[in-house]
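Reading the structure
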There are 2 protein chains.
Amino acid sequence: MSEANEKAVLAKKAFLAMSISGSKERDRALALIVLEMKKSKAKIIAANEKDVAEAKKNNLAAQLLKRLLLSEEKFSEILHEIEGVKKQPDSVGKTISKTLLDKGLELEQISTPIGVICAIFESRPDALVQISSLSIKTGNAVILKGGSEALNTNRALLDCIQSALNGAGLPSEAVQFVDSREAVQELIKMNSHIDLIIPRGSSAFVKFIQENSSIPVLGHSDGICHEYVDEKADMKKAVKICVDAKCQYPAVCNAMETLLVHEKIAEKFLPQYAKALAGKVGLRADEKALAILKKTGFDAKKATEEDWATEYNDLILSIKTVKGVEEAIEHINRFGSKHTDGIITEDRKNAAKFLQAVDSAGVYWNASTRFADGYRYGKGAEVGISTGKIHARGPSGVEALLSYKYLLKGNGHIVADYSGKKAKKFLHKKLK
Amino acid sequence: MSEANEKAVLAKKAFLAMSISGSKERDRALALIVLEMKKSKAKIIAANEKDVAEAKKNNLAAQLLKRLLLSEEKFSEILHEIEGVKKQPDSVGKTISKTLLDKGLELEQISTPIGVICAIFESRPDALVQISSLSIKTGNAVILKGGSEALNTNRALLDCIQSALNGAGLPSEAVQFVDSREAVQELIKMNSHIDLIIPRGSSAFVKFIQENSSIPVLGHSDGICHEYVDEKADMKKAVKICVDAKCQYPAVCNAMETLLVHEKIAEKFLPQYAKALAGKVGLRADEKALAILKKTGFDAKKATEEDWATEYNDLILSIKTVKGVEEAIEHINRFGSKHTDGIITEDRKNAAKFLQAVDSAGVYWNASTRFADGYRYGKGAEVGISTGKIHARGPSGVEALLSYKYLLKGNGHIVADYSGKKAKKFLHKKLK
């Protein structure tokens, strides 16, 4: 049996133990992680320094180095996050609905953990702790694959988590780690052992997982987000929002990639917006927008059809003029990635139309697409953002790690009594 | 473009129209289906007679013929079911949760249809109408593939449904039909157009879909259900429940395939149970059970390891003795299919242990596994039974056809104001 295989079998066993554990034990494990991490702080920081030194030697991009670095401040933040997860109310084993099917025959739908999660994430050590904490809190088991750049840091953190699980009387295999791509390739084929895959990373990577596994995947491949500036937009708000959506953090999935602007307002809006961007953003505009920009002394390239379907993740923006809210909706539903899209308008009717018809996880009115984030949504920690429409949609927290089951309690009830000519009738009385 | 491709494109367009339709129009379409079916009754019955005659010529199995036949009684039942779906409260566009992120910045989670459903089902004309009605009610679009034996019936029914959609001002492409396997093969690869596949049929077929598509699948491949007769079981209830679970309808997925019996009660229970089965069920028993059965004059074969993982869908039952509730739980979680499993006991503690630890969609106490069914659960119509743990689990009704999205309403809010040293704090006030 391969390493991945063995770990998956152990994870399934650990899940069954976790699924019958009490919330007290699970919260105790979370408290112990904090203690263990405090105790091992020097060791963890040293491991991280080793990773960072190695990464510098390998010329890792500055952006990635920043993510990898476990500063004093980030270390405290992580402890804070674990406390935050621990403080959340227990959401396992709760009654979702209850129906009296017949006298003495009660059906109850209760929340349960999902099972074994396979989480694959970039080189952020905080991601490992965040996902592990959420998984423990909800009684799941998880197999983690972190970025190879963070290997030493991740191992030191994993030691703390597994000791904590042990200390709380829970199986340490409830959180496991694999460190090779081959292991991931195997895990995504183990349908009988893995219940959900959460891949975080590049679009290409997420797409690869989605196309190569028939296990459910929670994630987002593309983040092609739009803001539509309506004819009835407030100019000041529009400029402010569109600057934020494009520039506040252009490398992330919830940044704006395409700006749609009503043709009747384009002449007024585009020069103001271009001025606010102060030449920092490369513009690719359709014919009308291009003419307006050039006429008012701003530089831009001609956009092609391909631009509408491109996630730049950079200080580049495509601009398209549209005839109205209907065309904006049509464009977004055709070229968008069902992530987050906004309308900027003072017209309630146009806003309502847009909010109803745009088929995306987040549909915004007079707000920057950058708000699409689990923390900003008030979910505490986040396991990821989903652009799928099944199970969890948008920024997802604890709810993405929960399923449910039906408990039926009878007293010798059989179906034969409810069939045929003398069939008993069901009551179907809703109790909750 | 192939036929399947064209239909998928039309379905996606139709979905967008459905998603902005009102519940009045959708209910109107359901009312019109009833009218159209009444008007076309003679034509539909004639089409069905043609299918039945053809099927008889092709020596279709009696069981399947029975499913195919659209009797006067079944015709009325179908009309009744459509009325039932129509009567249900509208569940689209409902507020699931609401959070005030900050002053003037409100996040609302609302229920939405999923999108384009691809439903593949056996030769039951009532399935076509049931799935179409549920899909229209929830504002989805659906592409149907029915059993080829029912082709004429299905076409006649589809005519009524599409006329009804037109009559209600909704796109007739919200319900479409394909009739070839090749079309299905294409559809299950169209990730950008199909949001959910609901396959109903043989285990092998469902497994094929699950393994060959990366689109989410709602379904169950196997139905290996258990009843566990505990040491503390009431003999009368145990015999009654186990007869029902095995014999009331053995061809279906919620029938018992393996009986687990506590070794301390086996000597008492097995002869009584075998007597009640009256020789109608082929028994395959482990060594202990076999010895007991033989000693008391009943016939049985020796069970092999393979039997524990086999869905007979027939009057065959495997029997295994276990040392207690823990071993029963372990066996079920290892060999079961996460469908429906029950314990028969008068001991509350053993029941509680079983209900918590068995990882199946339905876990029962003193009731027959045959209750696992959308109608019996009080869900009205059912789109299918799911053995997956993502999105919908167990018998699934309207909830399986719904997703949600987040609406964020602001007044020029930008993320830059909530970052950095002078960051504004979020309120995160739960409004619902």
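As a starting point, this report considers the structure included with it. (Residues numbered from 1 in each chain as written. Chains lettered and ligands numbered in written order. Predicted model: local features only at pLDDT ≥ 70, side-chain atom pairs only at ≥ 80, totals over all residues. Heavy atoms only, no water.)

Observations concerning the packing of helix H2 (residues 23–39) of chain A against helix H7 (residues 151–167) of chain A
For any two helices packed against each other, the geometry is given by the interaxial angle and the distance between the axes. Residue and element names in this part refer to chain A. Relative to each other, H2 and H7 sit at 135 degrees, their axes nearing to 8 Å. Considering the angle they form, H2 stands oblique to H7. In terms of crossing hand, the pair formed by H2 and H7 is right-handed. Facing H2, whose interface residues are Ala29, Leu32, Ile33, Glu36 and Met37, H7 presents Leu157, Cys160, Ile161, Ser163, Ala164, Leu165 and Gly167. Looking at the contact of H2 with H7, its residues break down into 9 nonpolar, 2 polar and 1 charged. (Axes fitted to C-alpha atoms, helices over the stretch in contact; angles between N-to-C directions. Helix = DSSP H or I, 4+ residues; strand = E, 2+ residues; numbered from the N terminus. Parallel < 35°, antiparallel > 145°, perpendicular 65-115°, else oblique. Left-handed = near helix turned anticlockwise from the far one by under 90°. Contact = heavy atoms within 4.5 Å. Nonpolar A, V, L, I, M, F, W, Y, C, P; charged D, E, K, R; others polar.)

Here's the deal with the side chain of Arg370 of chain A
As for its placement among the helices and strands, Arg370 of chain A is situated in the loop between strand S13 (362–367) and strand S14 (384–386). Despite its burial, Arg370 of chain A pairs with no opposite charge; the closest candidate is Asp244 of chain A, at 5.4 Å N-O. If we ignore the near neighbours within four places in the chain, the residues touching Arg370 of chain A are Asp244, Ala245, Gln248, Tyr249, Val252, Asn254, Ala255 and Arg376 of chain A together with Val415 of chain B. (Buried < 20%, exposed > 50% of the residue type's maximum accessible area, 1.4 Å probe, protein only. Lys, Arg positive; Asp, Glu negative; His and termini not counted. Salt bridge = Lys/Arg side-chain N within 4 Å of Asp/Glu carboxyl O.)

Remarks on empty space enclosed by the protein
Counted under the stated rule, the structure contains 1 cavity of 30 Å³ or more. The volume enclosed by the largest cavity comes to roughly 60 Å³. For the largest cavity, the full set of lining residues is Lys12, Phe15, Leu16, Ser192, His193 and Asp195 of chain A together with Asn333, Lys338, Asp359 and Lys389 of chain B. Ranked by residues supplied to the lining of the largest cavity, first place goes to helix H1 (residues 3–19) of chain A with 3 residues. Among the residues making up the lining of the largest cavity, the classes are represented as 2 nonpolar, 3 polar and 5 charged. (1 Å grid on protein atoms, 1.4 Å probe; cavity = no way out; pocket = protein on both sides within 12 Å on 5 of 7 lines; lining within 4 Å. Points joined across faces, edges and corners; volume = space filled by probe spheres on them.)

Describing the side chain of Ser97 of chain B
Residue and element names in this part refer to chain B. Mapping Ser97 onto the fold places it in strand S1 (residues 95–102). Accessibility expressed as a relative area gives 13% for Ser97, which makes it buried. For Ser97, the contacting residues outside a window of four places in its chain are Leu107, Glu108, Gln109, Lys430 and Lys432.

Topic: the relation of the copies chain B and chain A
When chain B is fitted to chain A, the residual RMSD is 0.0 Å, and the transformation amounts to a turn of 180 degrees plus an axial shift of 0.0 Å. Accordingly, the operation relating the two chain copies is best matched by a two-fold axis. Relative to the rotation axis, the closest C-alpha in chain B is found at His391 of chain B, a distance of 2.0 Å. The share of interface residues of chain B whose copies in chain A are also at the interface is 100%, consistent with both copies meeting through the same surface. (Least-squares fit on C-alpha atoms with pLDDT ≥ 70 in both.)

Observations concerning the environment of Asn152 of chain B
Residue and element names in this part refer to chain B. Along the chain, Asn152 falls in helix H7 (residues 151–167). Looking at Asn152, the relative accessible area reads 26%, which means it is partly exposed. Considering only alpha carbons, one finds Asn152 and Glu227, 75 residues apart in sequence, at a separation of 41 Å. Every residue in contact with Asn152, bar those within four places of it in the chain, is listed here: Ala47, Lys50 and Asp51.

A short note on the packing of helix H2 (residues 23–39) of chain B against helix H5 (residues 72–87) of chain B
Residue and element names in this part refer to chain B. Look at H2 against H5: their axes get within 9 Å of each other, and the N-to-C directions meet at 170 degrees. By the angle between their axes, H2 is roughly antiparallel relative to H5. When you trace H2 past H5, the crossing you get is left-handed. Only Phe75, Ile78, Leu79, Ile82, Glu83, Val85 and Lys86 of H5 make contact with H2, whose side of the interface consists of Asp27, Leu30, Ala31, Ile33, Val34, Met37 and Lys38. In terms of residue class, the contact of H2 with H5 is made up of 10 nonpolar, no polar and 4 charged.

Let's talk about the interface of chain B and chain A
On the side of chain A, 72 residues touch chain B, which itself brings 71 residues to the contact. Surface buried jointly by chain B and chain A totals about 6,200 Å² across both partners, of which 59% is contributed by carbon and sulfur atoms. Considering only the side of chain B, the residues that lose the most area to chain A are Ile390, Tyr406 and Val415 of chain B, jointly responsible for 11% of the buried surface there. Linking chain B to chain A there are 2 salt bridges. Viewed at the interface, chain A and chain B are joined by 51 residue pairs in polar contact (both at pLDDT 80 or more). Looking at which element gives the most residues to the side of chain B that touches chain A, the answer is strand S16 (residues 402–413) of chain B, with 11 residues. (Buried area = accessible area lost by both parts, 1.4 Å probe. Polar contact = N/O pair within 3.5 Å; in protein donor to acceptor, adjacent residues only side chain to side chain.)

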